[in-house]
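Here's the letter readout for the chains.
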Amino acid sequence: MSAYDGRGSVTEASNQMTENIDVASPLEFISMLKVCDEEIFSGWKEYKGLFHDSTLAVIDRVRNVAASVLKDPSNGLVVLSGCGTSGRLAYMTARSFNSKLSANGIEPCFRYTIAGGDKALFTSQESPEDDPYSGIKALQRVSAGKCNVLLIGITCGLSAPFVAGQLDYCLQNLNIFTPVLLGFNPTCLARNLPIERWNKTFLKVVEALKIAQAENRAHILNPVVGPEQITGSSRMKSGTATKILLETIFASAYMSVFHPDVVWHTDRFMNAYSNICGCVYSHPDALAELVTTAGESLKNRGHIYYIAWDTLGLVSIIDASECPPTYGASLDDVRGFVEDGFTFMQNDEGNLSGLGKHFRISSDDFTRDVLPTLTDLDFVIAYIKGKSEVLRSTVRVGPALRPSADIYMPLCLPEQEIRSLCGNTVLWKEWSYLFSEIACKWICNAVSTGAHILKGKVYRNIMVDLRVSNNKLFHRAVGIIERFTQLPKNQAQSFLLMSIYNTDRLTNEQEASAIASHIEVATPQEKIVPCALLTAFLECPIAEAKQILSEEPVIRTVVSKILERQ
Ligand code: S6P
């Protein structure tokens, strides 16, 4: 298995530090997460991570544009946009800064767009990611009537067509828009594959952005933070880096406009995130215990429930929403709840609880829907502001939970420490909640990733059983088959298509169909990639591969058995 070869995308590469993550003990697992998360700050290979001089310079330039919007919110707007996790973080940041502005009597001027709309905040909607036109429409809708719009298009892989459409639209309308691309690949590795029903690739848009950047009319913020712990799972490191960069830009803009007397140091502010990272991972035993307990729950068909207060609830709902697309989990396996539910969410489309139980997200919904069903196989994690109290539910007493064990993880740095990092009390008072959120993200990501690894969902550091539900995932699936079988790309793709169309012989029509058609057929189907892999390894009919997979539900076991035979 080749690691990063310098040619492919960094965000889709395998991280050498985690190649044995699937067989690591929980403590080793935590230390692997730690080493990889530290790369966000310290850099990876020749890349310098978040503290690169050019990154700090772009942060300052984007901060200035954001400040111009904050000074004149009736004409200006900040739009944050993305797909999947990137769209969820766009929502969360827009909400966070609007709340801050409103609390201080200032007109809110942040909006978000997410591919697939607000449903995508809770459940993955992967196919809208491939549509540049729906990105453009969403941007036009939220920015109508404004004449100074800062768009930050977030796509970790420099790949999402939804975002490409928006950036391109801004480039055509530079009199109104300042486009910013936020992602984590060098620009030369931006996606250069055709976007269906469109005449540009992502790379073409990046080239046009570079030209506008030279005139200070567009910006590209793309620090390289190294490959993800689970290959391609950009919800983890890239998501964390997205959150840090957005918050740094807007906190800095906010301070420059509303507290111009306070001296601001971008690098010191980001360093506080690095310290909270160290603080979270300085509790390896507690984290390992959380992961072990969560893994036991999932292995035994129990569930993981996060209940959290305030914005920590949003962090945990986002973590839970990522488990189905990342690990093929069911919507019930990991769920998040926030006190006050949709009243607190303040999302554009309002209360979505009518869409079904997986959209019922308040703590009252938890009490009504989940509490009566809890068994000692379930794991309930409560995140409480200021500290994290973690409860293992074993006994239900009336409407209350009695914990079998408490595990405490601090969710913030001591006030003294933040003050010394941030420089003064104003900074601490204004922004300390952001550090609790990021700590909560690291803990949730460790719990949900570790639990799924313990359940046998990951082979080496690759989630083999991915759902083939958009263009990026189609190409990732071909890449996985290529890597494990060492077959050339076209043959690897044929095995994938045979699995998708459930046939041992592809018709000319099937082979010639557009990728979007393959995706449409593949999306509702389970175990597409494992089936293609087995067919290729065993040179057997598709039906036989399906039979083997139906007898052994743990994909990791099947794949490792077959590979060990080679
Ligand atoms: C990743 C997550 C996906 C991505 C989405 C956008 O862990 O499952 O939903 O966030 O595909 O990716 P990108 O590269 O455009 O930010």
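From a predicted model like this one, the values you see are computed outputs, not experimental measurements. (Residues numbered from 1 in each chain as written. Predicted model: local features only at pLDDT ≥ 70, side-chain atom pairs only at ≥ 80, totals over all residues. Heavy atoms only, no water.)

A separate point is the confidence of the model for the chain. For any part of a model where pLDDT is low, the fine detail of the predicted coordinates should not be relied upon. Put simply, the chain has an average pLDDT of 91, and 91% of its residues get 70 or more. Note on residues 1–6: pLDDT is under 50 here. Beyond four places in sequence and across chains, it has 16 contacts. Interface confidence for the predicted complex, expressed as ipTM, amounts to 0.99; the pTM equals 0.94. (pLDDT = per-residue confidence, 0-100. Contact = heavy atoms within 4.5 Å.)

With respect to topology, five strands assemble into an open sheet ordered β2-β1-β3-β4-β5, the strand pairing being parallel. Each edge of the sheet is formed by a strand with only one pairing partner; in this case those strands are β2 (110–114) and β5 (219–221). Direction aside, the axes of adjacent strands within the sheet are offset by 20° on average. Note: strand β4 (residues 177–182) against β5, three bridges, orientation parallel. Looking across to β5, one finds that L182 is bridged to L221. This element, helix α3 (residues 84–103), spans β1 (76–82), β2 and β3 (148–154) of the sheet and lies at about 165° to β2. Running over the sheet, helix α6 (residues 202–214) touches β4 and β5 and is turned about 120° from β5. (Pairing = 2+ DSSP bridges. Helix = DSSP H or I, 4+ residues; strand = E, 2+ residues; numbered from the N terminus. Axes fitted to C-alpha atoms, helices over the stretch in contact; angles between N-to-C directions.)

Think of it this way: side chains of opposite charge can pair up when their charged atoms draw near. In this structure the tally under the stated criterion is 20 salt bridges. Note that K200 is salt-bridged to D168, the shortest N-O span being 3.0 Å. Linking K200 in the loop between β4 and α6 with D168 in helix α5 (residues 161–172), this pair joins segments that are 32 residues apart in sequence. Residue classification places K200 among the partly exposed residues on the basis of a relative accessible area of 25%. Between E526 and R467 there is a salt bridge, with its nearest N and O atoms 3.1 Å apart. Of this pair, E526 sits in the loop between α19 (515–522) and α20 (528–538) while R467 is found in the loop between α15 (425–454) and α16 (471–485), placing the two residues 59 residues apart along the sequence. The class for E526 is exposed, based on a relative accessible area of 55%. Through salt bridges with shared partners, one network takes in R360, D365, R368 and D369. (Salt bridge = Lys/Arg side-chain N within 4 Å of Asp/Glu carboxyl O. Buried < 20%, exposed > 50% of the residue type's maximum accessible area, 1.4 Å probe, protein only.)

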